[in-house]
Amino acid sequence: KQEVTQIPAALSVPEGENLVLNCSFTDSAIYNLQWFRQDPGKGLTSLLLIQSSQREQTSGRLNASLDKSSGRSTLYIAASQPGDSATYLCAVYRETSGSRLTFGEGTQLTVNP
Amino acid sequence: KAGVTQTPRYLIKTRGQQVTLSCSPISGHRSVSWYQQTPGQGLQFLFEYFSETQRNKGNFPGRFSGRQFSNSRSEMNVSTLELGDSALYLCASSQSGAIKGDTQYFGPGTRLTVL
């Protein structure tokens, strides 16, 4: 059974700091991995999707990497801003799991002005 | 292009009642998936519909059901509500579904409270 773990559960940093969020998964036979952002009481916003054949994806100040062999992904946020405060979730998809995404519990990020 | 919309945004029901939630996917998307989010269990997959057919189902009791219409809009129904059904219900749409590696686009969710 696929399990996804995100560490840390919560993170508080001063504005301007570069930071890394971690995601690990137990089954390396994934098809892709997706990072989402969720603001309190809201839905999920897709940030980056990495296919299993890729090593990283970049969008603006965000960079996500994927290492299938070790079952890890990282989300790097450069020059953090208070507007980055949210919960960040990673989700993996396996071909044998039909259409379901398996989510981690998320990392709650607070960026202090 | 309009995003995924869900109605209603908030619902309050009592135990034993039933409820229907609606999801309108992004135009052109044929796959709609439903997820339940609770503080204790996180995000859990309910089911996925593609071209009006249920393609995959999660581990939820039969009280949870859904359907998809020819315009790809989807509804989810929960019968005989229990306190534990209180949650944020999210739907996600994509062109062909996660099965094809598509990005999943989520709606704002419906917050269901069961009293």
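Note that this is a predicted model, so its numbers are computed, not measured.

Criteria and cut-off values
- Residues numbered from 1 in each chain as written.
- Chains lettered and ligands numbered in written order.
- Predicted model: local features only at pLDDT ≥ 70, side-chain atom pairs only at ≥ 80, totals over all residues.
- Heavy atoms only, no water.
- Helix = DSSP H or I, 4+ residues; strand = E, 2+ residues; numbered from the N terminus.
- Rg over C-alpha atoms; globule rule 2.2 N^0.38 Å.
- Buried < 20%, exposed > 50% of the residue type's maximum accessible area, 1.4 Å probe, protein only.
- Contact = heavy atoms within 4.5 Å.
- Areas by Shrake-Rupley, 256 points an atom, 1.4 Å probe, with all protein chains shown as cover.
- Phe/Tyr/Trp six-rings, centres within 6.5 Å; stacked < 30°, edge-to-face > 60°.
- Lys NZ or Arg CZ within 6 Å of the ring centre and 35° of its normal.
- Salt bridge = Lys/Arg side-chain N within 4 Å of Asp/Glu carboxyl O.
- Polar contact = N/O pair within 3.5 Å; in protein donor to acceptor, adjacent residues only side chain to side chain.
- Nonpolar A, V, L, I, M, F, W, Y, C, P; charged D, E, K, R; others polar.
- Disulfide = S-S within 2.5 Å.
- Core = buried A, V, L, I, M, F, W, Y, C linked by side-chain atoms within 4.5 Å.

Chemist: What am I meant to see in the overall build of chain A here?
Modeler: A tally of helices and strands in chain A yields zero helices and eleven strands. Reading chain A from its N terminus to its C terminus gives the helix and strand order β-β-β-β-β-β-β-β-β-β-β. Relative to the 2.2 N^0.38 estimate, which gives 13 Å for 113 residues, the radius of gyration of chain A is 14 Å and therefore close to what a compact globule would have. Referenced to the eigenvectors of the C-alpha coordinate spread, the extents of chain A come out at roughly 45 × 30 × 20 Å. Taking all 113 residues of chain A together, the buried fraction comes to 42%. Intrachain contacts of chain A at a sequence separation of at least 6 include 54% that bridge at least 24 residues. For chain A, the exposed area adds up to about 5,300 Å²; of that, 46% sits on carbon and sulfur atoms.

Chemist: Looking at this structure, how should I read the packing of aromatic side chains?
Modeler: How two aromatic rings sit relative to each other is given by the distance of their centres and the angle of their planes. Applying the stated rule across the entire model yields nine aromatic pairs over all chains. Considering the side-chain rings of Tyr35 of chain B and Phe45 of chain B, the 5.5 Å spacing of their centres and the 70 degrees angle between planes classify their relative orientation as edge-to-face. Note that Tyr35 of chain B is positioned in strand S4 (residues 31-38) and Phe45 of chain B in strand S5 (residues 42-50), a separation of ten residues in sequence. For Phe45 of chain B, a relative accessible area of 5% corresponds to the buried category. These aromatic residues form a ring-pair network of at least three members: Phe36 and Phe103 of chain A together with Tyr35, Phe45 and Phe106 of chain B. A cation over an aromatic ring shows up here: Arg55 of chain B above the ring of Phe50 of chain B, its NZ or CZ 4.3 Å from the ring centre.

Chemist: I keep staring at the interface of chain A and chain B and nothing clicks. Help me out?
Modeler: Reports often express the size of an interface as the amount of accessible area lost when the parts come together. Taken together, the contact between chain A and chain B spans 21 residues of the former and 25 residues of the latter. Here chain A is connected to chain B by zero salt bridges. Scanning the region where chain A abuts chain B turns up five residue pairs in polar contact (both at pLDDT 80 or more). Considering only residue class, the side of chain A that touches chain B consists of eight nonpolar, ten polar and three charged.

Chemist: Looking at this structure, I do not really get the state of the cysteines. What am I missing?
Modeler: According to the stated counting rule, one finds two disulfides over all chains in the structure shown. Here Cys23 of chain A engages in a disulfide with Cys90 of chain A; their sulfurs sit 2.0 Å apart. Between Cys23 of chain A and Cys90 of chain A the sulfur-sulfur dihedral comes to about 75 degrees; the bridge is accordingly right-handed. A residue pair is termed long-range when its members are at least 10 positions apart, and Cys23 of chain A in strand S3 (residues 19-25) and Cys90 of chain A in strand S9 (residues 86-93) qualify at 67 residues. In this model, Cys23 of chain B is linked to Cys91 of chain B through a disulfide, with the two sulfur atoms separated by 1.9 Å. An S-S torsion of about 70 degrees defines the bridge between Cys23 of chain B and Cys91 of chain B as right-handed. Placement of Cys23 of chain B in strand S3 (residues 19-24) and of Cys91 of chain B in strand S9 (residues 87-94) is noted, with a sequence separation of 68 residues between them. Both residues of the pair, Cys23 of chain B and Cys91 of chain B, count as buried.

Chemist: Hey, could you run me through the nonpolar core in this one?
Modeler: The nonpolar side chains of soluble globular proteins are, as a tendency, buried together. One finds Phe25, Leu33, Trp35, Leu75, Ile77, Tyr88 and Leu109 of chain A to be the most contacted residues of the largest nonpolar core, which totals 22 residues. Those elements that provide at least two residues to this core are S3, strand S4 (32-38), strand S5 (44-51), strand S7 (62-67), strand S8 (72-77), S9 and strand S11 (107-112) of chain A. If we skip the residues at most four places from it in the chain, Tyr88 of chain A touches Gln6, Leu21, Phe36, Arg37, Leu47, Leu75, Ile77, Gly106, Thr107 and Leu109 of chain A. Formed by 21 residues, the second largest nonpolar core is a distinct cluster that contains Leu11, Val32, Trp34 and Phe47 of chain B.

Chemist: It is not clear to me how the pattern of salt bridges should be interpreted in this structure. Could you clarify?
Modeler: Oppositely charged side chains may form a pair once their charged atoms are brought near each other. On inspection of all chains with the given rule, the structure shows seven salt bridges over all chains. For Asp39 of chain A, the salt bridge identified is with Arg37 of chain A, shortest N-O distance 3.0 Å. A residue is classified by how much of its surface remains accessible, and Arg37 of chain A, at 16% relative accessible area, is buried. For Arg63 of chain B, the salt bridge goes to Glu82 of chain B, with nearest N and O atoms at 3.6 Å. Note that Arg63 of chain B is positioned in the loop between strand S6 (53-57) and strand S7 (64-68) and Glu82 of chain B in the loop between strand S8 (74-78) and S9, a separation of 19 residues in sequence. On the basis of relative accessible area, Arg63 of chain B is assigned to the buried category, the value being 16%. Glu82 of chain B gets classed as partly exposed once you look at its relative accessible area, which sits at 41%. The structure contains a network of salt bridges with shared partners spanning Arg63, Glu82 and Asp85 of chain B.

Read these as layout, nothing more, since geometry by itself doesn't imply function.
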